[in-house]
Structures are given as C-alpha cells and as structure tokens.
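Take a look at the letters that make up each chain.
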Amino acid sequence: GRSDTGRAVEDFPPVRKPPSSRPRSTEDEAAAASAHIKVGDLTSARSLLERAQAEGRLLGRPWAQLATAQARLGELEDVEATLEMLIKGRVESATLQEAFVAVTSAALDARDASRLEHWLRRMSCTGFPLELKKVTGVVRLLAESGNPEKAEGWLVGMLRKGMKPDSETYSAIISAFVLAEHRFKAEAWFDEALWTQALPDKATYTWMMEACALRGLKRPDVWLRRIADSAKAGSLEVAAAWLEVGLQNEVDEPTLLMAFTSVIDACGREGRLSEIDRFVARIAEAGLAPDFICYATTVGAFASRGNITAAKDWLVRMREANFCPDDRTHAPIMQAFGKRGDVVAACAWLEDMKLDSAKPNKQCYSSLLNACVHSRNPQAATKLLDALLQAGVEVDATVFNVAINAYAAEGDYRGAEAIFEKMQLRQVEPTSATFSTLIKACAKCNYVAQAEFWLQALKDAGHQPTQIEINSVIDGCARSGDGRRAEYWYTQAVDSGIVPQVQCYNAIIRAWLKNGETARGEAWYQQMLAAGFTPTDTTYGTLMTGRASIGDVGGCLAWSDQLKAAGGKMETMYYNMLLKACALARPPDVRRASDFLREMLGEGQQPTRISLTWIFKALGKVGAKNLCEELNINWETIHDTWVDKAGENRARHQDSYEDADSRAKSRESSQARRGTNSR
C-alpha cells in the first residue's frame, strides 16, 4: 500500500483514460471549420471540410462561409469550384444563395464582365433574387468594355423587375452609346434617367455635349425642354450644362433667350442669386437683350428668396426697357411681403400696382392676407377681406381659406367660423382645404365634437379625408385628454386605408398621459415601434412629461437617456421636465434637481422662468436662491421678462375675446331679426 516515496497509493490522482476513439459529430466538425475560417486559416478549414466530404458528410454552411472568405481575398477560381461542388451536393437554399453572392462579389471585384454575367444568369435561373449592386456592376462593366447592346439588355431587365439604376449606371450606358455613335439611343437613355429622377452626373452631360457636337443639335425644342425640366427640378448645374450645348451649336435667338431665362429660374429655385448677374451678362455677350419674360423671371427669382430690394431694382430696369410689369410680375413681391408679415408694405405695394395699370389677381390678395397670418393679426385679415368684398373684387375659396387660416393659427374657432359664414353668404363653394382649416381650428380649441362635425361635412361635400384631417381630430382628442376617442379615430383611419404617421402616435400617447394613464401611453410607444416608425424628439418629450407629472424621476431620466441614445439633443424644455419630476417627487429630490440644473448650464442651455419655478418648488425659497447665486443665475431678469410677455399675451387674448363677443352679439341680433321677419 506504499509507494517509493512513502505516500499511500490512494494519495495519488487517478490515471486519466485515453479519449474514446468514437468519430466526431457533424456539428463539431462544422463548428471547427467555422472557427478556422474566422481566424483566417482557410487551408485547415478546407482540409477539414474535404475530409468530412470524403467520409460522406457534406457540411454546406461552412463551405458557403469558406466561399465568402475566398471572395474577400479575390480567389475567384476557388470560389467557383466551391460553388460547383455545392450545386452538385444539393445543399440548403440559404447556403447555396450565400455561395452565389460570394462568387458574384468576387467576379465584380475582379471586373470580369463575362464571368459576372454567367453567374448572375445561373443565379437567376436557380430562383434567387439578384442584388442591385451586382446588376448595375455588370451593366457598367459591359458598357465600359464596348458592348452597349448587352448592357442595354441587362438594364432593361432591371427596369422590368422594378430595380432603380443609379446615375452612374445611366452614365455608363450613355457614354457607351455615344462612343458607338448611337446618338439617338444615348438621348433615349438620358431621357429615361430624367424620368426616373436619377439625375445624371457631370460626366454624362459631357458625353451628351460631345454627341451633340458630333451630330449637331437637330431638335432645339427637345433641348429647350431639357433645360426647363432641369430648372423646375432646381438643378442649376444641369441647366447650365445644357445651355453650353446650345451655345456650341447654332440655335435661333428666341430659343436661346428662353434657355437663358430657364437658367435664371434655376438660380432662383436653388437660391444662388449671385449667379443671375453672370448669366445676364452672358446674354449681352451673345448679342441678345432680355425680353419681358426674362425680366419677370429675374424679379420672381429675387423675390422668392426674400431679396425685395433687388427685385425692386430689376422692376425699375424692366420699366426702363419699356416693359410694363403685369400682375404676375408683381405677385412674387407681394408673396415676399406676405412671408415677412409686413401688412403695411403689402397694402402700399397693392396701391403701387395701379401705377403700372396692373390689376391685382387672387395670388396678390392671398399674399396680402398671408401677411396678416404671419403677423398674427386675424382681425386685420377680416378688415381686408371685408374691404375687398365691398369693392366688388371677385374673391374665390383660396382667399377665404387664407382668412380662415388666420384665425385657425391663433386657435380662434369662432373667428374662423364667422369667415366661413361670409363664404356661404357669397355662395363660394368650400374646398377640402376649407374644411381642413376649420378642423384644425377646432382641435386647437379642444372642440372635439365640432372637429368631428366638420370632418363629416368634408365627407358630405364629396372629399376624402386625408392624414392631415385625421391628425387634427386626434390632436384635438389629445388636447382634451380623451384617449379612447383618439384610439377610435386611429381605428377609423386604418379602416379607411390611411396609414397613421408618427404625429398620430404622438398625439395618442399625449392623450393617455394627460389623464395619468402612463402605462397606456407607453404601450402606444411600443406599438409605434412595432409599426416600423422611428420615434422623434417630440415622442420622447411627451413620454418624459408623463413620468414627470407623477414625480417619477427615474422613469423621466430613463426616457431622456433614450432620447440621447437616439441622437436627440437635450434642450431646455427637456431639462424642465426632469426638474419638474424632481419637484413633484415625494419627498422632492433636491440632489438630482441641483445636478440637472448644473448639467443644463454645462450643456449651454439657459434656464427659463419655468426651470427656476420647479427649482424653487424642489429646493425651497432659500435653497433655490442660494443655488442661483452659486451658478450666477439672475432670477429677477428672467422673472421680469416673463411678466412683460405675459402682459402682452393677456392683452392680445383680451382683444380677441372682445372681438369674439362683438361677433356673437351681431349674430344674435341678426338671428333675432330673421325670427321677427318670419313671424
């Protein structure tokens, strides 16, 4: 019982038995091969897979992984051999598709057009979908190799299958046909590129210019249409490139001047106003003089970008050239005044139009009322509308809609309804925009029943509700805190074939959170994600508000973390929600409230009156003032600014209330008179 060392035999560890000689399982072999491939040892992986294959076991998935690794290294012949072996072995469909993707990638990287074409055809015959990248690659390779007919066949097949080629693919086939001197086919594919909104690059225009130089510009009308289409799309580079084509060929003067006018229009649409003077100078270099349309287009280009001073200067030049501006020339300047909200300047310009004997059109009147909308003065819009009606001006639904929108933007439903009554008295037929604006006004005032009434009126008038009207009704439900009604209209929208957007989900979440139903609101957040929509900053802000209202600091902080993770920026309003949660917590979370205020200042966000109000509620009067002094926050300045703004808001709302009361009294008196006459 003793060994030579004197220890007992039982004290030694037992002798380990050799491993069993049973064969390894298929799963173990596949895992071992995949491990070799991951570390880049393709030789060991291949030998292991070949040994398993010799024993009658075809490990399909590792073979496909091996083919992908070989394709990355550019070993096209090895990938082809692997794929042929897998095709004969009848492996799973997913494995075979992975191998096809690998071999086509290797052929594309090797820029071998014939082999890429061969394997794409076999892949299509097998029933696997073709990748857009591979098909566009074979089109480019065939075109570059001087075989445009084959490239055209693949491109036609792409379009039939619903694939969208990119601009480089179109450029490749256009250049191939230009080099083959097939100008008409090049132009046909150029038009196809424009029609599919795949704007060609500069290289394509260079090829097209060369084709026109070789063959001449046979169709000036087609050339002019291409410039006009490019200008409408706001692509100045494209329009300018086509203009150079015309300058290199013999084009008659009227057509060339129209081309210059279209290029100036493209400058205005793209906002590159400094380029206008350059093209006007080129008009003079070509021995041409601007005509009426050219002057009017230049005035509109500057006015559309808000440069009223330059627009006025060009209007003066227009008069000096003995052209009298008409209503369409003045309309863009009126629109610029409307966007600024400058009612006085718009009215003055309306009088100046009479000097040119230009009768204002409906666009001018709409711009005048839009100035009232942007200046937040709906009463002025009513006075202007009444003046137009008394002057006998023919006002259509577009002008009435702008006046209704002036009240809807301020949330004054009664005022919007009064404009609608005037519209009916004038027997002007309302449009879908009329009902949509009334629904928006009701939603802002929390009048859900009235919003539903106008939605039904929209249907009765023969119009189909859109996402805008449904969102407005759901928004009204959210403002009134009626979550069940919001869900009802969501269901109605889905049943009508309307796909609800993110704004709709945000409104439903807000409706439930306003009633304290946090769980129901967050459940709609999950439903939004399940529908495939990406939450916005407003979504996270609404969810933070729900948690802040019940004093849940942790929940509010969790939603703010998700906002940051989604790439959103923590602004003052979101920090206010965190401070609110700290103030409403029981007991108030003093430490976190102080930390959030410091973090707000560190992020460059300035606290507002609301921020400091919640700080006062969380820390108390003494603690809040001490913290403000420590962080150099001037409480008195913020408080005084808020008092001044609050006074202005109260005064403005008081005026609107008085106007609403006067309108209500006038309606009651008119109804009383109608009742007396009927009796």
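Above this note sits the structure.
What counts, and at which threshold
Residues numbered from 1 in each chain as written. Predicted model: local features only at pLDDT ≥ 70, side-chain atom pairs only at ≥ 80, totals over all residues. Heavy atoms only, no water. Helix = DSSP H or I, 4+ residues; strand = E, 2+ residues; numbered from the N terminus. Buried < 20%, exposed > 50% of the residue type's maximum accessible area, 1.4 Å probe, protein only. Contact = heavy atoms within 4.5 Å. Salt bridge = Lys/Arg side-chain N within 4 Å of Asp/Glu carboxyl O. Axes fitted to C-alpha atoms, helices over the stretch in contact; angles between N-to-C directions. Parallel < 35°, antiparallel > 145°, perpendicular 65-115°, else oblique. Left-handed = near helix turned anticlockwise from the far one by under 90°. Nonpolar A, V, L, I, M, F, W, Y, C, P; charged D, E, K, R; others polar. Phe/Tyr/Trp six-rings, centres within 6.5 Å; stacked < 30°, edge-to-face > 60°. Core = buried A, V, L, I, M, F, W, Y, C linked by side-chain atoms within 4.5 Å. Polar contact = N/O pair within 3.5 Å; in protein donor to acceptor, adjacent residues only side chain to side chain.

Asker: I'd like to hear about the overall build of the protein chain, residue by residue, with values.
Answerer: Looking only at helices and strands, the protein chain features 35 helices and 0 strands. Expressed as a percentage of the 679 residues in the protein chain, the buried residues total 47%. Within the protein chain, residue pairs in contact and separated by at least 24 positions form 62% of the contacts whose partners lie at least 6 positions apart.

Asker: I'd like a description of the pattern of salt bridges, backed by residues and values.
Answerer: Evaluated as defined, the whole model comprises 25 salt bridges. The salt bridge involving Arg272 is made with Glu275; its shortest N-O contact spans 4.0 Å.

Asker: Summarise the packing of helix 4 (residues 76-89) against helix 6 (residues 113-126); cite the residues concerned and give the values.
Answerer: Here helix 4 crosses helix 6 at 20°, and the two axes come no closer than 13 Å. With respect to their mutual orientation, helix 4 and helix 6 come out roughly parallel. Between helix 4 and helix 6 the crossing geometry is left-handed. Facing helix 4, whose interface residues are Leu76, Glu77, Glu80, Leu83, Glu84 and Ile87, helix 6 presents Arg115, Trp119 and Arg122. A class-by-class count of the residues in the contact of helix 4 with helix 6 yields 4 nonpolar, no polar and 5 charged.

Asker: Could you give an account of the packing of aromatic side chains, naming the residues involved and the relevant values?
Answerer: Taken as a whole, this structure holds 19 aromatic pairs when the rule is applied. Seen in terms of ring centroids, Phe100 and Phe128 are 5.9 Å apart; in terms of plane orientation they differ by 55°. Their pairing is tilted. Taken together, the residues span a long stretch of sequence, with Phe100 in helix 5 (residues 93-109) and Phe128 in the loop between helix 6 and helix 7 (132-144) at a distance of 28 residues. On the basis of relative accessible area, Phe100 is assigned to the buried category, the value being 1%. Judged by relative accessible area, Phe128 falls into the buried class, the value being 10%.

Asker: So what about the nonpolar core? Which residues, and what values?
Answerer: In terms of nonpolar packing, the biggest core is built from 196 residues, with Phe279, Ile333, Trp454 and Ile474 touching the most fellow members. Look past the residues within four positions of Ile474 in its chain and what remains in contact with it is Ala486, Trp489, Tyr490, Cys504, Ala507 and Ile508.

Asker: Break down the side chain of Thr104 for me, citing the residues and quoting the values.
Answerer: Locating Thr104 in the fold gives a position in helix 5. Since its relative accessible area comes to 0%, Thr104 is described here as buried. At 2.9 Å, the side chain of Thr104 forms a polar contact with the backbone oxygen of Phe100. A distance of 3.0 Å separates a polar atom in the side chain of Thr104 from a polar atom in the side chain of Lys134.

Asker: I'd love a proper account of unusual backbone geometry, names of residues and values included.
Answerer: Residues Arg586 and Pro587 are joined by a peptide bond in cis, for which omega reads -5°. Secondary-structure assignment places Pro587 in the loop between helix 32 (572-584) and helix 33 (590-602). One non-glycine residue, Arg376, lies in the positive phi region at around 60°. Note on placement: Arg376 falls in the loop between helix 20 (362-374) and helix 21 (378-390). In this structure, Asn446 takes a positive phi of about 65° despite not being glycine. Following the sequence through the fold, Asn446 ends up in the loop between helix 24 (432-444) and helix 25 (448-460). Given a relative accessible area of 36%, Asn446 falls into the partly exposed group.

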